[in-house]
Amino acid sequence: MTISELFFGRIGFNQRLQALRPRLYRLAFAWCKDPYLADDLAQEAMIRATHRQGQLRAPELLDRWVIRILANLWFDHLRAEHPTESLDEVMDQLPAAAGEEPEGAHRRQETIERVRAAVARLPPVQRVVITLVDLEELSYREVAEVLDLPMGTVMSRLSRGRQKLKEWLIDEASEGRRAASCRLRRVQ
Amino acid sequence: MMNQRPFESTPRLSAEELNAFVDDELCAEDRERVRAGIQADAALTQQVCALDQLQDWLREAYRAPPVPPRRGIRQRGLGVLAWVPVTAAACGLLCVGALLGWLVAKQTALPNTVPESVLAARVLPPVVDARHVLVRWGSDAPQKAQESLDMVKTLLAQSAHEPGFRLEVLANAEGVRLLSAEDSPYAAEIEALAKQYPNVRFLACGNSMKTLEKTGKSLRLLPHVQITPSAVEQVASRVREGWAYLSI
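No experiment lies behind these values; they were computed from the predicted model shown. (Residues numbered from 1 in each chain as written. Chains lettered and ligands numbered in written order. Predicted model: local features only at pLDDT ≥ 70, side-chain atom pairs only at ≥ 80, totals over all residues. Heavy atoms only, no water.)

## What about the overall build of chain A?
Here is step 1: Within chain A, the secondary structure is distributed over seven helices and zero strands.
Here is step 2: Within chain A, buried positions represent 51% of all 188 residues.
Here is step 3: Residue pairs at least 24 apart in sequence account for 69% of intrachain contacts in chain A once pairs closer than 6 positions are excluded.
Here is step 4: Of the accessible surface of chain A, which amounts to about 9100 Å², a share of 51% is contributed by carbon and sulfur atoms. (Helix = DSSP H or I, 4+ residues; strand = E, 2+ residues; numbered from the N terminus. Buried < 20%, exposed > 50% of the residue type's maximum accessible area, 1.4 Å probe, protein only. Contact = heavy atoms within 4.5 Å. Areas by Shrake-Rupley, 256 points an atom, 1.4 Å probe, with all protein chains shown as cover.)

Written out as C-alpha cells, the structure reads:
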C-alpha cells in the first residue's frame, strides 16, 4: 500500500465512520432506551472501529462491520450487568405499557414511547434482530453475518420478537379497550 | 381472554414464513405460495397487516431519537478508550503546531516571528477535504524526494480526474533544488506532470529562494513552477482551508 493510499484511506474511513454515527446512535438507543448509554456505545464502537481499521476486509462492508462491533459492545454491556443470565432471557425491568392501543393514542409522542418501551422489554437478541431488520433494513443473511448467528436463529428470534410486540401493542390494547367497552355498557 | 390469533403456524405456513413474506425475503416461488395462503385465510391476512403495522410503528418510534447528550463531564463511561478521540485531537493540534514551528525555524530568512495567520492555522479545520492536497518538499534527499514524487504521481493518476481535485507541491528550504531547471534529477518528470495535469501546481518558496541568493547561489526554476512569497504562509493558509497536508 502506498503512502497516499494509506493516507487517503484513513481520511475516507474517518469521514464514512463519522457519517455512520447517527445510525449507530439510533440503533443503540433502540436497544438500551438510554441516550447517555447509547451515545457511549456509539462512540465506543467508532473508537474500536478506528483501532481495528486494518481488519475491515472491504470498504463497502463498513456499516455492517461497525454495527457488528456495536452489537457486541451492547451484548458485553448486558453480560456485565446480568452475568448469570442468558441474553435470550434477560428482560429489562420496565413496566408494561399501558393498555391503550397506539392507533387510538391522542398524542403521537405517547405512541412513540409505548413502542419504545415495548421494544425495550424484548430479550436483547430479539431486540437487536428486529431493529436491524426494521430500522437498518438489513436482509436476514446480513443480520446473520453481523451477529454471527445461523439464519434459522435470526428468523426465529425475529418471529418471536414480533409476536411479543404484537401481544403487547395490539392484542393487550384491544383486550383493554374491549374491557372498557363492557364496563361502559354496564354503566348504561 | 384474547380472541386474536398470534403469529401462529398453520399447517401450510409458519410464523417465520409470514415474517419473511413481509420482509420480502422469500424466493418467487415461496412468495406466491405464501401469498395464496394468505388470500385464502382472513386470519393470516390480519396477521400480515399486524406485522406491517408493527414495522411502521417501529420506524416511526426511532425516526427521530433524542439528541445525543452533550456532557462536559462524562457521567457514564465505557472506559479510558472513550478519551482517545480527545487525545488524538490534542496530538493532532500539537503536531500541526510543531510542524509549523519547525517550518519557521527552517526559514532563517524570515525576519519576523511567527505571523498571526500561522498562529491562527494551529486550529485544525473541522473536516479535511481529501480532494485538495498540499505536498511539501522541504528536503532534496534523494530517497525521500523519489518517494514523494512517486506518491505525487500515484495521487494524480488515481485522483486527478475527480471533480474539484487540486494538488499543490510546495518546495522550500533544500527542497527548492528539486524544482531547479538546471540540476534537478526529476526535472523531466515534474515538467511532464505539470503539462499533463492542469490541476497540479508546483510552487517554490520565495523566502527560501532569497536565502539561496544570499549565499551566492542562484536558482533557475522549471518553466511551470510559480513562486509563493512564503511556504509558511502557504501551508497555514491551505491547512486553514481544510486541505490535506503531507510533507517530506
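Moving on from the model shown.
## Remarks on the side chain of Glu-17 of chain B
Here is step 1: Among the structural elements, Glu-17 of chain B can be located in helix 1 (residues 15–22).
Here is step 2: Apart from the residues lying within four places of it in its own chain, the contact partners of Glu-17 of chain B are Arg-12, Leu-26, Arg-33 and Val-34 of chain B.

## Some points on the confidence of the model for chain A
Residue and element names in this part refer to chain A.
Here is step 1: Averaged over every residue, the pLDDT of chain A is 81; residues scoring 70 or more account for 72%.
Here is step 2: Within chain A, helix 5 (residues 124–134) carries the highest mean pLDDT (95), whereas helix 7 (residues 151–187) carries the lowest (78).
Here is step 3: Under a pLDDT of 50 for its full length, residues 93–100 has, in the predicted model, 16 contacts with residues more than four places off or in other chains. (pLDDT = per-residue confidence, 0-100.)

## Observations concerning the packing of aromatic side chains
Here is step 1: The final tally for this structure, using the stated rule, is four aromatic pairs over all chains.
Here is step 2: With centroids separated by 6.3 Å and ring planes inclined at 25°, the aromatic side chains of Tyr-25 of chain A and Phe-29 of chain A adopt a geometry described as stacked. In this pair, Tyr-25 of chain A and Phe-29 of chain A both sit in helix 1 (residues 3–32), four residues apart, roughly one turn of the helix. Comparing Tyr-25 of chain A with Phe-29 of chain A, the two get one shared label, buried.
Here is step 3: Between the aromatic rings of Phe-29 of chain A and Tyr-62 of chain B, the centroid separation amounts to 6.2 Å while the plane-to-plane angle is 70°, which identifies the pairing as edge-to-face. One end of the pair, Phe-29 of chain A, is in helix 1; the other, Tyr-62 of chain B, is in the loop between helix 3 (42–61) and helix 4 (84–106), on a second chain. Per residue, the accessibility class of Phe-29 of chain A equals that of Tyr-62 of chain B, and both read buried.
Here is step 4: An aromatic cluster of three or more residues is present, and its members are Tyr-25 and Phe-29 of chain A together with Tyr-62 of chain B.
Here is step 5: Across from the ring centre of Trp-168 of chain A, 3.9 Å away, lies the NZ or CZ of Arg-121 of chain A, which sits over that ring. (Phe/Tyr/Trp six-rings, centres within 6.5 Å; stacked < 30°, edge-to-face > 60°. Lys NZ or Arg CZ within 6 Å of the ring centre and 35° of its normal.)

## Topic: the confidence of the model for chain B
Residue and element names in this part refer to chain B.
Here is step 1: On average, chain B scores 75 in pLDDT, and the residues at 70 or more come to 71%.
Here is step 2: Per-element confidence in chain B ranges from a low mean pLDDT of 37 for helix 5 (residues 116–120) to a high of 93 for helix 1.
Here is step 3: Across residues 105–127, confidence stays below pLDDT 50; counting only partners more than four residues off in sequence or on other chains, it has 43 contacts.

## Remarks on the environment of Arg-31 of chain B
Residues and elements named next belong to chain B.
Here is step 1: Note on placement: Arg-31 falls in helix 2 (residues 28–40).
Here is step 2: Residues Arg-31 and Glu-17, 14 residues apart in the sequence, show an inter-C-alpha distance of 9.0 Å.
Here is step 3: Not counting chain neighbours up to four residues away, the residues in contact with Arg-31 comprise Phe-21, Asp-24 and Leu-26.

## Quick look at helix 8 (residues 206–214) of chain B
Here is step 1: Taken together, the buried positions of helix 8 of chain B are occupied by Gly-206, Asn-207, Ser-208, Met-209 and Leu-212 of chain B.
Here is step 2: Next to the buried residues of helix 8 of chain B lie strand 3 (200–205) and strand 4 (225–228) of chain B.

## Some details on unusual backbone geometry
Among all residues except glycine, the phi angle is most often negative; among peptide bonds, the trans geometry is most common.
Here is step 1: One non-glycine residue, Lys-33 of chain A, lies in the positive phi region at around 60°.
Here is step 2: Following the sequence through the fold, Lys-33 of chain A ends up in the loop between helix 1 and helix 2 (35–51).
Here is step 3: For Asp-24 of chain B, which is not a glycine, the phi torsion comes out positive at approximately 55°.
Here is step 4: With respect to the element layout, Asp-24 of chain B can be found in the loop between helix 1 and helix 2.
Here is step 5: Assessed through its relative accessible area of 53%, Asp-24 of chain B is described here as exposed.

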